[in-house]
Amino acid sequence: MRGRLLTNLALLIAAAALGLVVWLQPGRQAAPPPTPLTDLKADTVTRIAVDGRGEAFTLEREDGTWFLVAGPVRLRARQYRVDALLGLVSAPRLATVTEGTGADFGLDPPAARVRFDDTDVELGDSNPVDYRRYTRVDGATYLTDDAYFHHLASPWTDWADLRLLPPGASLERVVTPSYTLTVNDQGGYELTPARAGISADALVLHAQDWAAVQAVA
């Protein structure tokens, strides 16, 4: 009985060791990281020209802040959208397409085009099998994650930061036809003309509401 237990235990240990060897696969080299779509670095790009499904527009970086330029309009851009689009420059090439023509993949003409500084990236159809996007750079076609086309297909108004005050700005004074709200020496707010029954906390909340006001596109 004891011999049988020892035999079973030895077989169990051998099976576990074999499984560990298969799992670790000693001697097998790790797969190399995927090649990025371009050689660009997101933090060095200073200009993005978008030609999507609507009116073409440009994004320009100035002193660390991105601005939207569409015709005569120049506004601060929504940072999260710019950051999301910049992810395209380092998106992994999931596969290289070597057969077929650009017309086969919706690239002649492309469904959308974006230029990062001097590098053009063209997006075509979505691959119906795995929801990846045909993407062309420097004449070569790749499959990339389909995480960027919807940004390029958005109108320029979706890219505009509609906040009236820039990020980090402090509100010092609000002037309306009926009252003026001003920061006092204590860092609170004073209302002119004064109104009875309004607390200092209420004035602070009112100032915060003004600081968060956004325009309507």
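Anyway, here's the lowdown on the structure attached to this text. Computed from a predicted model, the values in this text were never measured in an experiment.

1. As for the packing of aromatic side chains
Next, step 1: This structure, assessed with the given rule, holds two aromatic pairs.
Next, step 2: Centroid distance F57 to W159: 5.6 Å. Interplanar angle 50 degrees. Geometry classified as tilted. Taken together, the residues span a long stretch of sequence, with F57 in strand β2 (residues 57-62) and W159 in the loop between α3 (149-152) and β10 (173-175) at a distance of 102 residues. Exposure class is identical for F57 and W159. Each is buried.
Next, step 3: If you follow R133 out to its NZ or CZ, it ends over the ring of F149, 4.1 Å from the centre.

2. Digging into the nonpolar core
Next, step 1: Counting residues in each nonpolar core, the largest one holds 30 residues, and the members touching the most others are I48, L59, L88, V114 and F116.
Next, step 2: Elements with a minimum of two residues in this core: β1 (47-51), β2, β3 (65-70), α2 (79-86), β6 (112-116), β7 (119-127) and α3.
Next, step 3: Those residues in contact with F116 that sit more than four places away from it in its chain are L40, V45, R47, I48, L85, L86, L88, V89 and V121.
Next, step 4: The next biggest cluster of nonpolar side chains, apart from the first, holds eight residues, and it includes L171, L181, L191 and A207.

3. Re the pairing of strand β12 (residues 189-192)
Next, step 1: Side chains Y189 and L191 of β12 all project onto a buried face; the interleaved residues E190 and T192 project onto a face where none is buried.
Next, step 2: Taken together, the four bridges between strand β11 (residues 180-183) and β12 define a ladder with antiparallel strand orientation. Bridging across to β12, T182 finds its partner in E190.

4. Points about the sheet that holds β12
Strand pairs in the sheet, formed through backbone hydrogen bonds, run parallel or antiparallel to each other.
Next, step 1: Across the sheet, three strands lie side by side as β10-β11-β12; this open sheet has antiparallel pairing. Each edge of the open sheet is held by one strand with a lone partner, namely β10 and β12. The mean angle between the axes of side-by-side strands here comes to 15 degrees, regardless of whether they run parallel or antiparallel.
Next, step 2: As judged from the three bridges shared by β10 and β11, these two strands associate in the antiparallel manner. Within β11, the position partnered with V174 by the bridge is L181.

5. Some thoughts on the sheet that holds β2
Next, step 1: As summarised here, the arrangement of the nine strands in space is β4-β3-β2-β1-β6-β7-β8-β9-β5, forming an open sheet in which the pairing is antiparallel. Either end of the sheet is taken by a strand with one partner, and the two such strands are β4 (73-76) and β5 (95-97). In this sheet, adjacent strand axes meet at a mean angle of 25 degrees when their direction is disregarded.
Next, step 2: Bridge count between β7 and strand β8 (residues 132-137): four bridges; the pairing is antiparallel. Directly across from L123, in β8, lies its bridge partner T135.
Next, step 3: Set on the sheet, α2 makes contact with β1, β2, β3 and β6; between it and β1 the angle comes to about 85 degrees.

6. Re the pattern of salt bridges
Next, step 1: Within this structure, the stated rule accounts for 11 salt bridges.
Next, step 2: For R113, the salt bridge identified is with D51, shortest N-O distance 3.8 Å. Linking R113 in strand β6 with D51 in strand β1, this pair joins segments that are 62 residues apart in sequence.
Next, step 3: Assessed through its relative accessible area of 30%, R113 is described here as partly exposed.
Next, step 4: Taking relative accessible area as the criterion, D51 reaches 36% and is therefore assigned partly exposed.
Next, step 5: Put simply, R136 and D108 hold a salt bridge, and the shortest N to O gap is 2.9 Å. In this pair, R136 is assigned in strand β8 and D108 in the loop between β5 and β6, connecting sequence segments 28 residues apart.
Next, step 6: Overall, the relative accessible area of 46% leaves D108 in the partly exposed class.

Reading the values: rules and limits
Residues numbered from 1 in each chain as written. Predicted model: local features only at pLDDT ≥ 70, side-chain atom pairs only at ≥ 80, totals over all residues. Heavy atoms only, no water. Phe/Tyr/Trp six-rings, centres within 6.5 Å; stacked < 30°, edge-to-face > 60°. Helix = DSSP H or I, 4+ residues; strand = E, 2+ residues; numbered from the N terminus. Buried < 20%, exposed > 50% of the residue type's maximum accessible area, 1.4 Å probe, protein only. Lys NZ or Arg CZ within 6 Å of the ring centre and 35° of its normal. Core = buried A, V, L, I, M, F, W, Y, C linked by side-chain atoms within 4.5 Å. Contact = heavy atoms within 4.5 Å. Pairing = 2+ DSSP bridges. Axes fitted to C-alpha atoms, helices over the stretch in contact; angles between N-to-C directions. Salt bridge = Lys/Arg side-chain N within 4 Å of Asp/Glu carboxyl O.

Interpretation in functional terms is not warranted from these geometric data alone.
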